[in-house]
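# Fold and contact review
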Amino acid sequence: MLKFIVKLHPEIAIKSKSVRKRFTKLLENNIKIVLRRVDEKVQVRNNWDNISVVSLLDSEQVRLDIIDGLKRIPGIVQFIEVTETEFDSIDDIYQKALELIGHTIAGKTFCVRCKRSGKHDFTSSDVERYVGGGLNQHVEGARVKLSHPEVTVRLEVRDDKAYIVTQTHLGIAGFPLPTQEDVLSLMSGGFDSGVASYQMIRKGARTHFLFFNLGGAAHEIGVKQASYYIWKQFSSTHKVKFVTVDFEPVVAEILENVENSQMGVVLKRMMMRAGSQVAEKLGVQALVTGESIGQVSSQTLANLSVIDRVTETLIIRPLIQHDKQDIINIARQIGTAEMAESMPEYCGVISKKPTVKAKIKTILAEEAKFDFDVLNTVVENARVMDIRDIDTEAKEEVKEAESVSDLPEGAVVVDIRSPEEEDANPLELEGIDVVHLPFFRLATKFGDLPKDKEYYLYCAKGVMSQLQALILHEEGYSNVKVYRP
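Structure report, in brief. The structure displayed is predicted, hence computed values, not measured ones. (Residues numbered from 1 in each chain as written. Predicted model: local features only at pLDDT ≥ 70, side-chain atom pairs only at ≥ 80, totals over all residues. Heavy atoms only, no water.)

## Concerning the overall build of the protein chain
Regarding its fold elements, the protein chain presents 19 helices and 18 strands. Taken over the C-alpha atoms alone, the protein chain extends approximately 85 × 65 × 40 Å along its principal axes. The burial tally for the protein chain puts 52% of its 485 residues in the buried class. In the protein chain, once contacts between residues fewer than 6 apart in sequence are set aside, the share between residues at least 24 apart is 78%. Counting only carbon and sulfur atoms, one obtains 47% of the accessible surface of the protein chain, whose full area is about 23,600 Å². (Helix = DSSP H or I, 4+ residues; strand = E, 2+ residues; numbered from the N terminus. Buried < 20%, exposed > 50% of the residue type's maximum accessible area, 1.4 Å probe, protein only. Contact = heavy atoms within 4.5 Å. Areas by Shrake-Rupley, 256 points an atom, 1.4 Å probe, with all protein chains shown as cover.)

Next up, the structure:
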């Protein structure tokens, strides 16, 4: 039997009774949705101050899958893995503790902490002293230290059962979905927009995705895959929309009519106008961007102020004070960095000398030259889809590759993992040529490979290889598939 105890985020615990009840009920339901994909009979119980998870499928793979699922559910600050055992005496508890966690305190300082409920002829302190003394005596190098020990051994005694904490895992914290109102995140596929979307999800806001296409089909494919990944990892308990707006006509209108230095701010204002119209159609109250103060010319305080005046819709910028490296670090932590690094470049509005202190009067004068029928038309023609359909689309696009685990004669596998991944776990295939070409070199180097071969892209999880295959297909390389061993 596998058992986990989910600890509530402290901000949930301090809410009023009615709010806390609603939040914990949502969290309980979300845990059930995620973990029933692992074990359809998993038991999830709301205990008010924690949520217990029990699976009777006692296998290592199920254990790892449950841990992975709980780590990605908003509202969980941490969860502990426990082993349940029956006992007749304190010595029984000690013997089980020695068996399960003795190896974790070898050569370290430790203390024992016990919580007890029920009728017993001993106290919590008695358990702590007995178990601590036994471990101190029988584990080599272990030494009791009550203040600031290296390891804290945690026990819980309830009636005739003892629970021994074998491991503590960290979650992503935040609030359960959907405890906040829905938001619409402007996705470019880069580091910033992905991290901003993740931050809103972990704060309990169901996050829909809006993509302004400035770079053609390849860019859209990449952003769809990045958005789907974020949804799948952190908010798959709830349905969301992915919206595409073809913004190339808007860019063309700006390039033709707007003074060069003002183009960047005008483009952002057009995006906020369009975003507000889409949000209203979806019944969403706020827009989310990945902007950070001073990162580029359009993100100075003066320019952001002018951009915000274009709409009454709330604009949320969760990364406003983050440094770029902070954002990249979070992207690596949540798994979106590789996709951001490999996203196709697009050329939108590039000013030679962009203004960093836009004036509202100047901007309004430039916008007076703009044909707003162009903006209204692209918004009316926006394509709205259920984000779950992105995966279906991708599988249809590379369905042959998706089913290929046995490579045909003459096939060439292109290992697109980073050099570090490749060195740590080399790909060796008997009788098959393997070409090492990191994903960030595909755009410039793939065309150098012989044209008369069939190429099968390979990466560890299959996400990056699928994305890159779709992009190469759009560029005319029909001889590219995906290898999934």
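Let us keep going from here.
## Examining the packing of helix α9 (residues 263–282) against helix α13 (residues 360–367)
At a minimum axis separation of 10 Å, α9 and α13 run at an interaxial angle of 75°. Relative to α13, the element α9 lies roughly perpendicular. Counting all contacts with α9, which are made through Val-265, Val-266, Arg-269, Met-270 and Arg-273, the residues of α13 involved are Ile-360, Ile-363, Leu-364 and Glu-367. Tallied by class, residues from the contact of α9 with α13 come to 6 nonpolar, no polar and 3 charged. (Axes fitted to C-alpha atoms, helices over the stretch in contact; angles between N-to-C directions. Parallel < 35°, antiparallel > 145°, perpendicular 65-115°, else oblique. Nonpolar A, V, L, I, M, F, W, Y, C, P; charged D, E, K, R; others polar.)

## Description of the pairing of strand β17 (residues 455–458)
In β17, alternate side chains face the same way, and those of Tyr-455 and Leu-457 on one face and Tyr-456 and Tyr-458 on the other are all buried. Inspection of the sheet shows β17 paired to strand β18 (residues 480–482) by 3 bridges, in the parallel sense. What sits directly across from Tyr-455, in β18, is Val-480. (Pairing = 2+ DSSP bridges.)

## Quick word on the sheet that holds strand β10 (residues 205–213)
With respect to topology, 6 strands assemble into an open sheet ordered β13-β12-β9-β10-β11-β14, the strand pairing being mixed. If you trace the sheet from one side to the other, it starts and ends with β13 (314–316) and β14 (383–386), each paired once. In this sheet, neighbouring strand axes are inclined to one another by 25° on average, regardless of whether the strands run parallel or antiparallel. Looking at chain direction, strand β9 (residues 180–186) and β10 are connected through 5 bridges and run parallel. If you follow Ser-185 over to β10, its bridge partner there is Phe-209.

## Observations concerning the pattern of salt bridges
This structure, assessed with the given rule, holds 23 salt bridges. Of the charged contacts, one joins Asp-182 and Arg-206 as a salt bridge, the two residues approaching to 3.4 Å between their closest N and O atoms. Highlighted residues: Asp-182 in strand β9 and Arg-206 in strand β10, separated in sequence by 24 residues. Judged by relative accessible area, which is 25%, Arg-206 ranks as partly exposed. Across the pair Arg-383 and Glu-220 runs a salt bridge whose closest N-O atoms are separated by 3.0 Å. Here Arg-383 is found in strand β14, whereas its partner Glu-220 is found in helix α7 (residues 216–234), with 163 residues between them in sequence. (Salt bridge = Lys/Arg side-chain N within 4 Å of Asp/Glu carboxyl O.)

## A look at the pairing of strand β7 (residues 151–158)
Residue alternation in β7 divides its side chains into a buried set, Val-151, Val-153, Leu-155 and Val-157, and an unburied set, Thr-152, Arg-154, Glu-156 and Arg-158. As paired elements, β7 and strand β8 (residues 161–173) share 4 bridges and run antiparallel to each other. Note on β8: the bridge partner recorded for Arg-158 is Lys-161. Adjacent in sequence and paired antiparallel, β7 and β8 are bridged by 2 residues, among which Asp-159 carries a positive phi angle near 55°.

## What about the nonpolar core?
Ranked by internal contacts, the top residues of the largest apolar core, which has 58 residues, are Phe-209, Val-414 and Ile-416. Those residues in contact with Val-414 that lie beyond four places of it in its chain are Val-435, Leu-437, Leu-442, Leu-449, Tyr-455, Tyr-456, Leu-457 and Tyr-458. Grouped together as the second largest cluster of nonpolar side chains are 36 residues, Val-284, Ala-358, Val-374 and Leu-375 included. (Core = buried A, V, L, I, M, F, W, Y, C linked by side-chain atoms within 4.5 Å.)

## A look at the side chain of Gln-468
Turning to its location among the elements, Gln-468 is positioned in helix α19 (residues 463–474). Residues within four places of Gln-468 in sequence aside, it is in contact with Ser-342, Ile-416, Phe-439, Leu-442 and Leu-457.

## Regarding the side chain of His-169
Along the polypeptide, His-169 turns up in strand β8. Reaching out from His-169, the side chain makes a polar contact with the side chain of Glu-81 at a distance of 2.9 Å. Each residue touching His-169, except ones within four places of it in the same chain, is listed here: Ile-67, Lys-71, Gln-78, Phe-79 and Glu-81. (Polar contact = N/O pair within 3.5 Å; in protein donor to acceptor, adjacent residues only side chain to side chain.)

## Considerations on the sheet that holds strand β15 (residues 412–415)
Taken together, the 4 strands give an open sheet; going across it, the order is β16-β15-β17-β18, and neighbouring strands pair in parallel fashion. Each edge of the sheet is formed by a strand with only one pairing partner; in this case those strands are β16 (433–436) and β18. Taken pair by pair, the neighbouring strands of this sheet meet at an average axis angle of 35°, ignoring direction.

## Some thoughts on the packing of helix α8 (residues 248–257) against helix α14 (residues 372–380)
Direction vectors running N to C along α8 and α14 enclose 170°, while the axes themselves pass 9 Å from each other. By the angle class used here, α8 and α14 are roughly antiparallel. The two elements α8 and α14 meet at a crossing, and its hand is left-handed. The segment α8 lies against α14, with Pro-249, Val-250 and Glu-253 engaging Val-374, Leu-375 and Val-378. Along the lines of polarity and charge, the residues of the contact of α8 with α14 split into 5 nonpolar, no polar and 1 charged. (Left-handed = near helix turned anticlockwise from the far one by under 90°.)

## Here's the deal with the packing of aromatic side chains
This structure, assessed with the given rule, holds 11 aromatic pairs. Judged by centre distance (4.6 Å) and plane angle (50°), the rings of Phe-212 and Phe-247 are tilted. Here Phe-212, found in strand β10, pairs with Phe-247, found in the loop between β11 (241–246) and α8; they are 35 residues apart in sequence, far enough to count as distant. Here Phe-247 falls in the buried class, since its relative accessible area comes to 0%. With a centroid separation of 5.1 Å and 65° between ring planes, the pair formed by Phe-370 and Phe-372 is classed as edge-to-face. A relative accessible area of 5% means that Phe-370 is categorised as buried. On the basis of relative accessible area, Phe-372 is assigned to the partly exposed category, the value being 28%. Directly above the aromatic system of Tyr-163 lies the positively charged group of Arg-158, at a separation of 5.8 Å from the ring centroid. (Phe/Tyr/Trp six-rings, centres within 6.5 Å; stacked < 30°, edge-to-face > 60°. Lys NZ or Arg CZ within 6 Å of the ring centre and 35° of its normal.)

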